[in-house]
Amino acid sequence: MVMINSILLVQKLSVQTWTYILVGITFTLYIGIAVWARAGSTKEFYVAGGGVSPLANGMATAADWMSAASFISMAGIISFAGYDGAVYLMGWTGGYVLLALLLAPYLRKFGKFTVPDFIGDRYYSNTARLVGVICALLVSFTYVAGQMRGVGLVFSRFLEVDINTGVIIGMLIVLFYAVLGGMKGITYTQVAQYCVLIFAFMVPAIFISIQMTGNPIPQLGFGNELADGSGTFLLDKLDGLSTDLGFAEYTEGTKSIVDVFAITLALMVGTAGLPHVIVRFFTVKRVKDARKSAGIALLLIVILYSTAPAVAAFARTNMIETLSNQPYATVPEWFKKWETTGLITFVDKNNDGLIQYVADKNLNELVVDNDIMVLANPEIAELPNWVIALVAAGALAAALSTAAGLLLVISASVSHDLIKKIINPKISEKSELVAARLSAVVAVCVAGYFGINPPGFVAATVALAFGLAAASFFPAIILGIFYKRMNKQGAVAGMIVGILTMLYYMLKYKLGWFDAVLPDKSEWWFGISPEGFGSIAMLLNFIVSIAVMKFTPAPPKDVQNIVELIRIPSGAGEATH
Amino acid sequence: MTKNKSKAYWKDNIRYLFILLTIWFLVSFGAGIIFKNFLNEFKFGGFKIGFWFAQQGSMYVFVILIFIYVRLMNKLDKKYGYDK
């Protein structure tokens, strides 16, 4: 009897109550872990003490990597872009191959705390270090602003608080565990956050795959026939629906091959150059652990990334079938609910009472935000309330884990690279730890400010962050490891030229700062979009670095010896100052 | 002697990198992008092959590549006595 009562109770709980319960439990868990894993030394604060197991580091890297954008927006973007969405799938996973094969093992062997640390020591120059710090701060701040905004959005949609209140709640939580626990606290909360977010992403995906195709594995399901007995393959059906409405075939896309190539490459090398990802590999014990944890991280990431395109195809088919040419008066309840948030808008242009959803902008009456595809999917598929709440908890886990990782990079850049290595090398261990915590507090406040007052270019910032990382760090690190003769003049010149060209292209062709109107596609260099330009800026960095190096002296003997040492895996000491 | 040993180790390492990164390039930029239109002529269940490589296959290959690299390098470290 008691059991039956409690089952009835579980069924009756509203989405909102479920959300409070699940978000409450997960947040308590994160805070509990932070108290347990608080950092007592700078080494624990920067690299979690250096003894993290490959599995834990792989999970933490995966959570660190998958942001609110991966969790909430990616499936929706693919849903509307079709084939073109592959740039994100390949770009954001292929970078891990570069990371595992070309960067992580050597940087681990080098054994420092931060990326500017490597740049500064390998290029025996504080100028190089400073350029590294500026690049790290630029990349991380552009990225973190979007994360705080994501936290605010999720709170406001699911808990019906104001977006700004949501941002502040998120700030307080991150502040608590990042400042107290440093890298150690962040690592173990990220392990928990990975579990929450992957469960939350997979449960609705599996349910929907079963509904649409009868196959419980979404990755296989979207290559199957529809479950409606028509004998049509889902993707063929979707191609047909898309062309009927005037869109490109779903499996073909609209971008040029050159641009798809450039964007994929820029995202791959950008991924491999992002400081908050690289720094995770400083936390493991040995070089072989760094290799292994890169493999585990990618495996855990691909679980979500290979599910996303399936969710995208299901959601797109579902949406067109439920809404296209249907009377507005009889739309399902979820449509009205999301209409009030402004994420779905319908204007009956020809007053026929039907929803026309077509490619032609003048005739189209329905506008659907990318984010709907994941957020509203459980409701569209009529899943139980606890699943809907689970998506909220998962989205928060994704946003918080990435924000925390970025904040740590910012605070380490300031307290370690700037204060300890450049301004005051005599600072004591204790004061450096205080400085690290204070910079984390300042960084959270700045990030929160950008979350509440998002700069107009927020949409451009993710592409910008990848482009900047590709144009600055990637060549400098690769050359530093694989080209012994590379010197400081070459590396510094390359980084400066790379990052400035990237900024110029972005400002001119994405934000239109230098012209009265935003320049047209036809003016793009080589037909490459601002999103893909990171690959050109990276090439330019390589060329400038090598050219300048040819005319300047070779690096000192001891630096050349360091390069020989990092190529050999044995004897990786613990990370030191 | 140690100098020659580390040189030989590095050479083997570079050879592995070259082979693995060639595969990395072929599945993603090759099958998923450059040859997509050609491969889309063929189907595998409901998937056009080029589309499948772009949205599924290349990612699976990436994961496998890293684990192969881990194995190869662990063996190489042992062979040269760098596994301590």
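All values derive from a computational prediction rather than experimental measurement.

A. Geometry of the overall build of chain A. Within chain A, the secondary structure is distributed over 23 helices and two strands. Taking 25 Å as the expected radius of gyration for a compact globule of 577 residues, we find that chain A reaches 24 Å, a close match to that expectation. Overall size of chain A, expressed as C-alpha extent along the three principal axes, is 75 × 65 × 45 Å. When each of the 577 residues of chain A is scored for burial, the buried share is 57%. Partitioning the intrachain contacts of chain A with sequence separation of at least 6 by distance along the chain shows that 81% fall at a separation of at least 24.

B. Main features of the overall build of chain B. Looking only at helices and strands, chain B has three helices and two strands in total. Here the C-alpha radius of gyration of chain B, 18 Å, is well above what a compact globule of 84 residues would show, namely 12 Å. Each of the three principal axes of chain B carries a C-alpha extent, and together these read 55 × 20 × 15 Å. Across the 84 residues of chain B, 38% fall into the buried class. Residue pairs at least 24 apart in sequence account for 49% of intrachain contacts in chain B once pairs closer than 6 positions are excluded.

C. Molecular detail of the interface of chain B and chain A. Taken residue by residue, the interface counts 36 residues in chain B and 39 residues in chain A. When residues of the side of chain B that touches chain A are traced back to their parent elements, those giving at least two are α1 (2-34), β2 (47-48) and α3 (49-79) of chain B. In terms of residue count, α3 of chain B provides more of the side of chain B that touches chain A than any other element does, 16 residues in total.

D. Structural context of α3 of chain B. Q56 of chain B marks where α3 of chain B bends most, by close to 50°. Of the residues one or two after α3 of chain B, G81 of chain B is the one with positive phi, at around 70°.

E. Expanded view of the packing of helix α6 (residues 86-110) of chain A against α3 of chain B. Interhelical geometry of α6 of chain A versus α3 of chain B gives an angle of 10° and a closest axis separation of 9 Å. On the basis of the axis angle, α6 of chain A is roughly parallel to α3 of chain B. In this structure, α6 of chain A uses A86, L89, M90, T93, G94, Y96, V97, A100 and L101 of chain A to contact α3 of chain B, whose residues at the interface are A54, Q55, S58, M59, F62, L65, I66 and Y69 of chain B.

F. Examining helix α11 (residues 234-244) of chain A more closely. Among the residues making up α11 of chain A, those that are buried are L234, L235, K237, L238, D239 and S242 of chain A. In this structure, the buried side of α11 of chain A is in contact with α9 (163-213) and α14 (287-323) of chain A together with β2 of chain B. Looking at the residues trailing α11 of chain A, positive phi occurs at G246 of chain A, about 95°.

G. Geometry of the environment of E523 of chain A. Residues and elements named next belong to chain A. Among the secondary structure elements, E523 is positioned in the loop between α21 (488-509) and α22 (533-550). With 11 C-beta atoms packed within 10 Å, E523 lands in the exposed category. Sequence-wise, E523 and Y509 are 14 residues apart; in three dimensions their C-alpha atoms are separated by 8.6 Å.

H. How the structure looks around the packing of helix α12 (residues 257-273) of chain A against α1 of chain B. Running from amino to carboxyl end, α12 of chain A crosses α1 of chain B at an angle of 150°, the nearest separation of the two axes being 10 Å. With respect to their mutual orientation, α12 of chain A and α1 of chain B come out roughly antiparallel. Crossing of α12 of chain A over α1 of chain B shows right-handed handedness. Between α12 of chain A, through I257, V260, F261 and T264 of chain A, and α1 of chain B, the contact on the second element is made entirely by S28, F29, I33 and I34 of chain B. Tallied by class, residues from the contact of α12 of chain A with α1 of chain B come to six nonpolar, two polar and no charged.

I. Molecular detail of the environment of I422 of chain A. Residues and elements named next belong to chain A. Its place among the elements puts I422 in helix α18 (residues 385-423). Separated by 219 residues in the primary sequence, I422 and V203 have C-alpha atoms spaced 49 Å apart. Aside from chain neighbours lying at most four places away, what touches I422 is N126, R129, L130 and D417.

J. Structural detail: unusual backbone geometry. Residues and elements named next belong to chain A. Notably, Y124 is not glycine yet its phi reads approximately 35°, a positive angle. Among the structural elements, Y124 can be located in the loop between α7 (115-122) and α8 (126-159). Residues other than glycine seldom take positive phi values, yet F526 does so here, at roughly 55°. Tracing the backbone through its elements, the reader meets F526 in the loop between α21 and α22.

K. Local environment of the environment of Y9 of chain B. Tracing the backbone through its elements, the reader meets Y9 of chain B in helix α1. Put simply, Y9 of chain B and F44 of chain B are 35 residues apart on the chain and 41 Å apart in space, counted from C-alpha to C-alpha.

L. The arrangement of the confidence of the model for chain B in detail. All names here are of chain B. Across chain B, the average pLDDT comes to 93, with 99% of residues at 70 or higher. By mean pLDDT, the top-scoring element of chain B is α3 (96), and the lowest-scoring one is strand β1 (residues 43-44) (88). In the model output, the complex is listed with pTM 0.91 alongside ipTM 0.96.

M. Expanded view of the nonpolar core. Counting 218 residues, the largest nonpolar core has L197, A403 and L407 of chain A together with I66 of chain B as its most contacted members. The element that contributes the greatest number of residues to this core is α18 of chain A, accounting for 22 residues. In this structure, L407 of chain A is in contact with V144, V174, A178, A440, A443, V444 and A447 of chain A, ignoring residues within four places of it in sequence.

N. How the structure looks around the confidence of the model for chain A. Across chain A, the average pLDDT comes to 87, with 95% of residues at 70 or higher. Looking at the elements of chain A, mean pLDDT is at its lowest for helix α1 (residues 2-12) of chain A, recorded as 57, and at its highest for α22 of chain A, recorded as 96.

Cut-offs used in this document
Residues numbered from 1 in each chain as written. Chains lettered and ligands numbered in written order. Predicted model: local features only at pLDDT ≥ 70, side-chain atom pairs only at ≥ 80, totals over all residues. Helix = DSSP H or I, 4+ residues; strand = E, 2+ residues; numbered from the N terminus. Rg over C-alpha atoms; globule rule 2.2 N^0.38 Å. Buried ≥ 20, exposed ≤ 12 C-beta atoms within 10 Å, placed from the backbone. Contact = placed C-beta atoms within 7 Å. Bend = angle between axes of the 7 residues up to and from the residue. Axes fitted to C-alpha atoms, helices over the stretch in contact; angles between N-to-C directions. Parallel < 35°, antiparallel > 145°, perpendicular 65-115°, else oblique. Left-handed = near helix turned anticlockwise from the far one by under 90°. Nonpolar A, V, L, I, M, F, W, Y, C, P; charged D, E, K, R; others polar. pLDDT = per-residue confidence, 0-100. Core = buried A, V, L, I, M, F, W, Y, C linked by C-beta atoms within 7 Å.

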